[in-house]
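So the chains spell out like this:
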Amino acid sequence: AEDSFNFWPALVTTESEQTTIRRFTLHHTMNNSLAIRSGHWKLLAHKGSGGNDYDSEVLRSLALPERQPEAPFQLYNLASDPGETTNRYFDQSELANSLYQQLRQFRQSGRTRPVHDRADR
């Protein structure tokens, strides 16, 4: 697809030879909100749950307390917090806002690969 990246090099090179194929990746939450990831950082561009129904009996025990309800976004360092328990928005707000701006650019352009970048063609 026009917006896809060739990940073959990641499959056939050793870890020490690998370079980053994508600087950013996008994720959809269950309610179709978007999240963006860069390296160990993941920004969810919304408050609260991404669509999980934590009021349901099945998920209620998995709900985490909301410690920063006033934060406009959720920012997590997945290397140190893979369970996404500590929102780092307020102590990393510059990074959070930068990731949000990148996410907005992707939404506006409708793609994550620059139009001029046709390396796989």
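Each remark here, short or long, concerns the structure printed above.
Predicted, not measured: the structure shown is a model, and the values here were computed from it.

**Examining the overall build of the chain**
Along the chain, the regular secondary structure elements total two helices and four strands. In sequence order, the secondary structure elements of the chain are arranged as α-β-β-β-β-α. Within the span of the chain, comprising 121 residues, buried residues form 28% of the whole. Considering only residue pairs separated by 6 or more positions, the chain has 44% of its internal contacts joining residues 24 or more positions apart. Accessible surface for the chain amounts to roughly 8,400 Å². Of this, 50% is attributable to carbon and sulfur atoms.

**As for the packing of aromatic side chains**
Per the counting criterion, the structure on display carries four aromatic pairs. Measuring from centroid to centroid gives 5.8 Å for Phe-24 and Phe-106, while their planes differ by 70 degrees, and the two rings are edge-to-face. Residue Phe-24 is found in the loop between helix 1 (8-12) and strand 1 (25-28), and its partner Phe-106 is found in helix 2 (residues 93-109); the two are separated by 82 residues along the sequence. In this pair, the class of Phe-24 matches that of Phe-106, namely buried. Judged by centre distance (6.1 Å) and plane angle (75 degrees), the rings of Phe-73 and Tyr-89 are edge-to-face. One end of the pair, Phe-73, is in the loop between strand 3 (41-44) and strand 4 (74-77); the other, Tyr-89, is in the loop between strand 4 and helix 2, with 16 residues separating them in the sequence. Neither residue differs from the other here; Phe-73 and Tyr-89 are each classed as buried. A network of ring pairs unites the aromatic residues Phe-73, Tyr-89, Phe-90 and Tyr-100 as a single cluster.

**Here we look at the environment of Thr-29**
Its place among the elements puts Thr-29 in the loop between strand 1 and strand 2 (34-38). Considered as a pair, Thr-29 and Leu-44 are 15 residues apart in the sequence and their alpha carbons are 8.7 Å apart.

**Re the nonpolar core**
Of all hydrophobic cores here, the largest spans 14 residues; its most connected members are Ile-36, Leu-43, Leu-75 and Leu-99. Elements that contribute at least two residues to this core include exactly strand 2, strand 3 and helix 2. Other than its neighbours up to four places away in sequence, Leu-75 contacts Trp-41, Lys-42, Leu-43, Thr-86, Asn-87, Arg-88, Tyr-89, Gln-92, Leu-95, Ala-96 and Leu-99.

**Thoughts on helix 2**
Turn by turn, an α-helix covers 3.6 residues, leaving residues three or four places apart pointing in a common direction. Between the first and last C-alpha of helix 2 there are 24 Å, a value that for 17 residues agrees with the 24 Å anticipated at 1.5 Å per step. Where helix 2 is concerned, the buried positions are Ala-96, Leu-99, Gln-102, Leu-103 and Phe-106. One side of helix 2 holds all its buried residues, which, seen down the axis, span an arc of 125 degrees. In helix 2, the exposed positions that point more than 90 degrees away from the buried face belong to Glu-94 and Gln-108. The inward-facing, buried residues of helix 2 abut strand 1, strand 2, strand 3 and strand 4.

What counts and how
- Residues numbered from 1 in each chain as written.
- Predicted model: local features only at pLDDT ≥ 70, side-chain atom pairs only at ≥ 80, totals over all residues.
- Heavy atoms only, no water.
- Helix = DSSP H or I, 4+ residues; strand = E, 2+ residues; numbered from the N terminus.
- Buried < 20%, exposed > 50% of the residue type's maximum accessible area, 1.4 Å probe, protein only.
- Contact = heavy atoms within 4.5 Å.
- Areas by Shrake-Rupley, 256 points an atom, 1.4 Å probe, with all protein chains shown as cover.
- Phe/Tyr/Trp six-rings, centres within 6.5 Å; stacked < 30°, edge-to-face > 60°.
- Core = buried A, V, L, I, M, F, W, Y, C linked by side-chain atoms within 4.5 Å.
- Expected span 1.5 Å × (residues − 1).
- Arc of directions from axis to C-beta.

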